[in-house]
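Residue-level structure breakdown
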Amino acid sequence: MSKHTPGPWHSNPPKAQNPSRVSVTACSGFVRIYEAHLSQETAANASLIASAPDLLNALRDVEWGGTERDEDGVEVHACPWCGCEKDMGHDSGCGLAKAIAKAEGGAS
Ligand SMILES: [Zn+2]
């Protein structure tokens, strides 16, 4: 697992000294995550990129938040996307697992 710059990340609107740039920064502005010429698309990209740490944390929070019943009828933690039990791991096609792996630098 790669370790990304800690959140929160902030999408910054253009500044007076550089009105044609949009950026995403972290660590109180000391780390620049993304910078691009301002357009509707790059502004939307900045918002999406800035939300990445929060989205990853949300995915991790819900990853095993579902419940299923095992063969003995006992309720167990399961993935809400693929329904697989935590002890068994995700189904190979699980979109939630793929999204987490991609965010962590794994298979996309
Ligand atoms: Zn899953």
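Look up a bit, the structure's there.
Each value, and the rule that gives it
- Residues numbered from 1 in each chain as written.
- Predicted model: local features only at pLDDT ≥ 70, side-chain atom pairs only at ≥ 80, totals over all residues.
- Axes fitted to C-alpha atoms, helices over the stretch in contact; angles between N-to-C directions.
- Helix = DSSP H or I, 4+ residues; strand = E, 2+ residues; numbered from the N terminus.
- Parallel < 35°, antiparallel > 145°, perpendicular 65-115°, else oblique.
- Left-handed = near helix turned anticlockwise from the far one by under 90°.
- Contact = placed C-beta atoms within 7 Å.
- Nonpolar A, V, L, I, M, F, W, Y, C, P; charged D, E, K, R; others polar.
- Pairing = 2+ DSSP bridges.
- Expected span 1.5 Å × (residues − 1).
- Bend = angle between axes of the 7 residues up to and from the residue.

Thoughts on the packing of helix α1 (residues 40–62) against helix α2 (residues 95–103)
- Closest axis-to-axis distance for the α1/α2 pair is 10 Å, and the angle between their directions is 140 degrees. What the angle tells us is that α1 and α2 run oblique. Handedness of the α1/α2 crossing: left-handed. Counting all contacts with α1, which are made through A52, L56, L59 and R60, the residues of α2 involved are L96, A99, I100 and A103.
- Considered class by class, the residues forming the contact of α1 with α2 number seven nonpolar, no polar and one charged.

Structural notes on the sheet that holds strand β3 (residues 31–37)
- Spatially, β1-β2-β3 is the arrangement adopted by the three strands of the open sheet, whose pairing is antiparallel. Each of the sheet's edge strands pairs with one partner strand only, and the pair in question is β1 (9–12) and β3. The sheet shows a mean angle of 15 degrees between the axes of neighbouring strands, taken without regard to direction.
- Note that β1 and strand β2 (residues 21–26) share four bridges and pair antiparallel. From the neighbouring strand, S11 faces β2, where its bridge partner is V24.
- The strands that α1 touches are β1, β2 and β3; relative to β1, the one it contacts most, it runs at about 165 degrees.

Notes on the pairing of β2
- The pairing of β2 with β3 spans six bridges and is antiparallel. Looking across to β3, one finds that T25 is bridged to R32.
- In this structure, the hairpin formed by β2 and β3 is closed by a connection of four residues, where C27 is found at a positive phi of approximately 50 degrees.

Quick notes on α1
- With 23 residues, α1 should cover 33 Å at 1.5 Å per step; its first-to-last C-alpha distance of 31 Å lies within 8% of that length.
- Along α1, the sharpest kink reaches roughly 45 degrees, centred on A52 and followed within four residues by the proline P53.

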